[in-house]
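Results of the structural survey
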Amino acid sequence: MQNTALTQTHIDLGAKMVPFAGFNMPVSYEGVTIEHETVREAVGVFDVSHMGEFLITGPNALDLIQKVTSNDASKLVNGKAQYSCLPNDKGGIVDDLIVYKIEDEKYLLVVNASNIKKDWDWISSQNTMNADMRDLSDDYSLLAIQGPKAAKAMQSLTSVDLEAMKFYTFEVADFAGIEHVIISATGYTGSGGFEIYCKNSEVKQVWDKVMEAGADYGIKPIGLAARDTLRLEMGYCLYGNDINDTTSPIEAGLGWITKFSKDFINAEALAKEKEHGPERKLIGFELDERGIPRHDYNIVDGNGKTIGIVTSGTMSPSLGKGIGLGYVPTIFATPGSKIYIQVRKKTIPATVVKLPFYKG
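Our subject in this report is the structure included herewith. Here the residue numbering is sequential within each chain, running from 1 through the sequence in written order. Confidence filtering applies because this is a predicted model: local features only for residues at pLDDT of at least 70, side-chain atom pairs given and counted only at 80 or more, and all residues used for totals across whole chains, interfaces and linings. In computing side-chain properties, one takes all heavy atoms of the structure into account and sets aside hydrogens as well as water.

So, the sheet that holds strand β6 (residues 93-103)
By this definition, two strands are paired if DSSP reports at least two bridges between them. Helical segments are the DSSP runs of H or I of at least four residues, strand segments are the runs of E of at least two, and each set is numbered from the N terminus. Strand order in this open sheet of five strands is β5-β6-β7-β4-β8, and the pairing throughout is antiparallel. Edge positions in the sheet fall to β5 (80-87) and β8 (132-135), since each of these pairs with one other strand and no more. Averaged over all pairs of adjacent strands, the angle between their axes in this sheet comes to 25°, without regard to strand direction. As paired strands, β6 and strand β7 (residues 106-111) are joined by six bridges and run antiparallel to one another. By the bridge assignment, Tyr-100 is partnered in β7 with Leu-108. Should any heavy atoms of two residues lie within 4.5 Å, those residues are considered in contact. Whenever a helix is involved, its axis is fitted only over the stretch in contact; in every case the axis is a line through C-alpha atoms, and angles between N-to-C directions fall within 0 to 180 degrees. Contacts between helix α4 (residues 116-125) and the sheet are confined to β4 (52-57), β5, β6, β7 and β8, with β8 contributing the most and set at about 170° to the helix.

Below, the structure written as structure tokens:
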């Protein structure tokens, strides 16, 4: 089991620790609902240092990124990031990721913790153009400072105008007394905020100063359980649940990050799928009655026939009702369609809804 540079800090704060993607991670401190509401209403900080970071550099860096990712990285300018995915050659997804353009011929790829080795091996196997690749995952930490008060709470720690930063832009600048930190206006919560990349040796200082600066704004440490309920309310995909090696970006609703203006792995097959329309789609649904949908519960039609499975589900703290994601045949995917979720021995009616669940 690997630790992050802040594992002892979480233990000292009384966090409930669980194994996650090979790391010892804080799942909660005070409880998922309190932590969830803190991020929706004020500001919270997550240690997500388990995520992976690859540095791709050199004259062929963009060529490699264009080949392995679905989005069009040639549209990136310095200081801009984009959400993307790594299609495999069988119609599925190796991983989803964020691509940062630091400067010309210098890119940072941020990948999921559970897929670091898999992604590295996959990208390396496609690197016929000999772009320079470095795996920085073991050396860097990542804090997500999320919530509507994040910019005001953190402004005293940096010379960057945080309020002026647009979504999916970033700056390499001073933060919490440390130079050359990546301050990124990104996150996985739908409540705004920033993600801070720094070296493992620097993250304790950053964490302490973040907690100090946020004290007047009600900042709290937030665990992975609330991270999951927050992202699910936004309808954001979680790799391993909602997308995997067998789900295509088209059926997962990720057509918007799949750009056929360039050539990339399996582009031809995905273009055909987009043209003909996928046979199944990832949908969001809300339960019409009380209940909590869970991962792997069956989705059935009005006759009780199984038509799909729940990929992610929870009791939404913001909406006070059961919500979930799952794949169903396209005929059932229109918002307003009625489906049924088998929750233990009960069959609960549900309505397909347009994402996100949480409108803010």
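Some thoughts on the environment of Asn-200
In this structure, Asn-200 sits in helix α6 (residues 200-213). For the pair Asn-200 and Asn-112, spaced 88 residues apart in sequence, the C-alpha separation works out to 18 Å. Ignoring sequence-local partners within four residues, the contact set of Asn-200 consists of Ala-5, Asp-138, Asp-139, Tyr-140 and Ser-141. Within the local environment of Asn-200, its side chain forms a polar contact with the backbone oxygen of Asp-138, the two atoms lying 2.7 Å apart. Polar contacts here mean pairs of N or O atoms no more than 3.5 Å apart (in protein, one a potential hydrogen donor and the other a potential acceptor; neighbouring residues in sequence count only if both atoms are side-chain atoms).

Notes on the layout of surface pockets
The method works on a 1 Å grid over the protein atoms by themselves. A cavity is a set of points holding a 1.4 Å probe that cannot get out, a pocket is an open set with protein on both sides within 12 Å along at least five of seven lines, and residues with an atom within 4 Å of a point line them. Grid points are joined across faces, edges and corners, and a volume is the space filled by probe spheres set on the points. Its volume calculated, the second largest pocket comes out at about 400 Å³. As for the second largest pocket, its lining consists of 18 residues, and the residues nearest its centre are Ile-102, Leu-136, Tyr-140, His-180 and Ile-182. When residues in the lining of the second largest pocket are grouped by element, the largest group, four residues, is from strand β11 (residues 178-184). Side-chain classes are defined by residue name, with Ala, Val, Leu, Ile, Met, Phe, Trp, Tyr, Cys and Pro counting as nonpolar, Asp, Glu, Lys and Arg as charged, and the others, Gly among them, as polar. Partitioned by chemical class, the residues of the lining of the second largest pocket number 10 nonpolar, one polar and seven charged.

What to know about the packing of aromatic side chains
The description of two aromatic rings rests on the distance between their centres and on the angle between their planes. Here the aromatic set is Phe, Tyr and Trp, taking the six-membered ring for Trp, and pairing holds for ring centres within 6.5 Å; pairs whose planes are under 30 degrees apart are stacked, those over 60 apart are edge-to-face, and all others are tilted. All chains considered together, the criterion is met by seven aromatic pairs. Their ring planes at 15° and their centres at 6.0 Å tell us that Tyr-188 and Tyr-236 sit as a pair that is stacked. Here Tyr-188 is found in the loop between β11 and β12 (193-199), whereas its partner Tyr-236 is found in the loop between α7 (224-233) and α8 (267-276), with 48 residues between them in sequence. Pairwise contacts between aromatic rings join Tyr-100, Phe-170 and Tyr-197 into one cluster. Looking at Arg-40, its charged tip hangs above the ring of Tyr-358, at a distance of 3.9 Å from the centre. The positively charged end of Arg-280 is found above the aromatic ring belonging to Tyr-327, 4.3 Å away from the centroid. Think of it as a cone above the ring: NZ of Lys or CZ of Arg counts as a charge over the ring if it is within 6 Å of the ring centre and within 35 degrees of the ring normal.

Some thoughts on the pairing of strand β16 (residues 306-315)
Burial analysis of β16 places seven of its 10 residues in the buried class, which makes it a mostly covered element. Here strand β15 (residues 298-300) hands over to β16 after five residues, with Gly-304 in that stretch at a positive phi of 85°. By the bridge criterion, six bridges tie β16 to strand β17 (residues 322-329) in an arrangement that is antiparallel. Across the sheet, Thr-314 pairs through a bridge with Ile-323, a residue of β17. Taken together, β16 and the strand that follows it, β17, pair antiparallel across an intervening segment of six residues, in which Gly-320 is found at a positive phi of about 70°. Type-normalised accessible area, obtained with a 1.4 Å probe on protein chains alone, sets the label of each residue: buried when under 20%, exposed when over 50%, and partly exposed for intermediate values.

Concerning the sheet that holds strand β3 (residues 44-47)
In space, the six strands of this open sheet follow the order β10-β11-β12-β9-β3-β13, with mixed pairing throughout. At either margin of the open sheet sits one strand with a lone partner, and together these are β10 (170-175) and β13 (220-221). Strand direction decides the pairing type here: β3 and strand β9 (residues 140-146), joined by four bridges, are antiparallel. Each residue of the ladder has a partner; that of Asp-47, found in β9, is Leu-143.

Thoughts on the packing of helix α2 (residues 32-41) against α7
Running from N to C, α2 and α7 cross one another at 55°; their axes reach a closest spacing of 8 Å. With respect to α7, the axis of α2 lies oblique. As for how α2 packs across α7, the hand of that crossing is right-handed. Side by side, α2 and α7 meet where Val-32, Glu-35, His-36, Val-39 and Arg-40 of the first sit next to Ala-225, Ala-226, Thr-229, Leu-230 and Glu-233 of the second. Of the residues in the contact of α2 with α7, the class split is five nonpolar, two polar and three charged. Here roughly perpendicular refers to angles of 65 to 115 degrees, roughly parallel to angles under 35, roughly antiparallel to angles over 145, and oblique to all remaining angles. Crossing chirality is assigned from the near helix's rotation relative to the far helix, an anticlockwise turn below a right angle marking it left-handed and a clockwise turn marking it right-handed.

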